[in-house]
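Below, each chain spelled out in residue letters.
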Amino acid sequence: MGFHTFDAANAEKLDDAASRYRYVSAEELLWAVGAEGTDVLADLGSGTGFYTDDVAARAGTVYGVDVQAEMHEYYRDKGAPENVELVTAEVADLPFDDAELDGAFSTMTFHEFADDAAIEEVARVVETGGRVAVADWSAAGDGEAGPPLSERFGLDDAKAQFRAAGFEVEFGASRSETFLLVVRAP
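Only a predicted model underlies this, so the values are computations on that prediction, with no experimental measurement involved.

Caption draft 1: Up close: empty space enclosed by the protein. Under the definition given, this model contains one cavity of 30 Å³ or more. Here the largest cavity defines a volume of roughly 30 Å³. Broken down by secondary-structure element, the contributors of at least two residues to the lining of the largest cavity are helix H6 (116-125) and strand E5 (126-137). Residues of the lining of the largest cavity, tallied by class, amount to seven nonpolar, one polar and no charged.

Caption draft 2: View of the sheet that holds strand E1 (residues 40-44). Read across the open sheet, the seven strands follow the order E3-E2-E1-E4-E5-E7-E6; overall the sheet is mixed. Each having just a single partner strand, strand E3 (84-88) and strand E6 (168-174) make up the two edges of the open sheet. The average angle at which neighbouring strand axes cross in this sheet is 15 degrees, direction not considered. Where E1 lies against strand E4 (residues 101-107), three bridges are found, and the strand directions are parallel. Each bridged residue has a counterpart across the sheet, and for Asp-43 the counterpart in E4 is Phe-105.

Caption draft 3: Region of the structure containing the side chain of Glu-121. Relative to the elements of secondary structure, Glu-121 occurs in helix H6. Given the relative accessible area of 11%, Glu-121 is considered buried. Among the polar contacts listed, one links the side chain of Glu-121 to the backbone nitrogen of Leu-94, at a separation of 2.9 Å.

Caption draft 4: Structural detail: the nonpolar core. Ranked by internal contacts, the top residues of the largest apolar core, which has 32 residues, are Leu-44, Val-65, Phe-96, Phe-110, Val-132, Phe-162 and Phe-167. For this core, the secondary structure elements donating two or more residues are E1, strand E2 (61-66), E4, helix H5 (110-113), H6, E5, helix H7 (155-164) and strand E7 (178-184). At five residues, the largest contribution of residues to this core is made by H6. Once residues within four sequence positions are removed from consideration, Leu-44 is found in contact with Val-65, Val-91, Leu-94, Ala-104, Phe-105, Ser-106, Thr-109, Phe-113 and Val-122. Val-24, Tyr-75, Phe-105 and Leu-180 belong to the second largest nonpolar core, which has 24 residues in total.

Caption draft 5: Structural detail: the packing of aromatic side chains. If you walk through the whole model with that rule in mind, you get eleven aromatic pairs. With a centroid separation of 5.6 Å and an interplanar angle of 80 degrees, the aromatic rings of Phe-110 and Phe-113 are classed as edge-to-face. Placement of the pair is Phe-110 and Phe-113 together in helix H5, with a separation of three residues, close to one helical turn. In this structure, Phe-110 and Phe-113 share a single accessibility class: buried. Relative to Phe-162, the ring of Phe-110 has its centre 5.8 Å away and its plane inclined at 20 degrees; by these criteria the two rings are stacked. In this pair, Phe-110 sits in helix H5 while Phe-162 sits in helix H7, placing the two residues 52 residues apart along the sequence.

Caption draft 6: Highlighting the pairing of E2. Among the six residues of E2, six are classified as buried, and the element is accordingly described as predominantly covered. With burial as the criterion, each face of E2 is covered, one bearing Thr-61, Tyr-63 and Val-65 and the other bearing Val-62, Gly-64 and Asp-66. The β-α-β motif built from E1, the intervening helix H3 (residues 50-56) and the parallel element E2 has right-handed crossover chirality. Pairing between E2 and E3: five bridges, direction parallel. Looking at E3, one finds that Gly-64 is bridged to Leu-86. Handedness of the crossover is the feature at issue here: the chain leaves E2, passes through helix H4 (residues 69-78), returns alongside E3, and the resulting connection is right-handed.

Reading guide: rules and limits
Residues numbered from 1 in each chain as written. Predicted model: local features only at pLDDT ≥ 70, side-chain atom pairs only at ≥ 80, totals over all residues. Heavy atoms only, no water. 1 Å grid on protein atoms, 1.4 Å probe; cavity = no way out; pocket = protein on both sides within 12 Å on 5 of 7 lines; lining within 4 Å. Points joined across faces, edges and corners; volume = space filled by probe spheres on them. Helix = DSSP H or I, 4+ residues; strand = E, 2+ residues; numbered from the N terminus. Nonpolar A, V, L, I, M, F, W, Y, C, P; charged D, E, K, R; others polar. Pairing = 2+ DSSP bridges. Axes fitted to C-alpha atoms, helices over the stretch in contact; angles between N-to-C directions. Buried < 20%, exposed > 50% of the residue type's maximum accessible area, 1.4 Å probe, protein only. Polar contact = N/O pair within 3.5 Å; in protein donor to acceptor, adjacent residues only side chain to side chain. Core = buried A, V, L, I, M, F, W, Y, C linked by side-chain atoms within 4.5 Å. Contact = heavy atoms within 4.5 Å. Phe/Tyr/Trp six-rings, centres within 6.5 Å; stacked < 30°, edge-to-face > 60°. Right-handed = clockwise from strand over helix to strand, strands pointing away.

Put into C-alpha cells, the structure is as follows:
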C-alpha cells in the first residue's frame, strides 16, 4: 500500500470546517482523545492545525507533528495556539523520550504513515495506558473524498496493526467514508 501525503500547496482546503467536520466532528475527536487540561499529546499528521486547535483548547501541550515544514509555516501564519509546539518528523522517528506523551491522535492521516515501525514508535512515546485516537478514511468508503481507496485501511486492518504492537482496542466504529479507533498504549 502506497502512502499518500497531502499536497501542502492545497493547505487552505484543509481549513474548510464544513468539509472537515462532516467526516470527523470536534466533539467526537475530543471524546476519543479524552484530553485533560494538563495532558501532553501529539497530533500525528497535524497539517494546518485544523483539529490540533480543537484538542489544544483542552490539553496542556500539543505537539503538532508533520513531515512537511510547509504545513507548519501555514499553521504559524494562521496562528497556532501558544500551547502548540510544531515538530517536523516522520511518525516512525519521533523526537520524544520513552513514555513522554500522555496520548496521541491522528485525523485523516493514518494512511500516510501506517506501518509497523510507525505504530511501534507511537507505542514507545505514549505512556502505558495512554489513549491513542485515530480517525481516517476507510477502505470501505466509496472514495467520494480523501485519498484513493487503494491507499486506505479498513477498521479491522488498523485494529490488527495496533494489536500487533501491544495496544488494547477500546473502541472502533466504521462509518460511510471513515473509521474511528481508540486504543490504549502497552
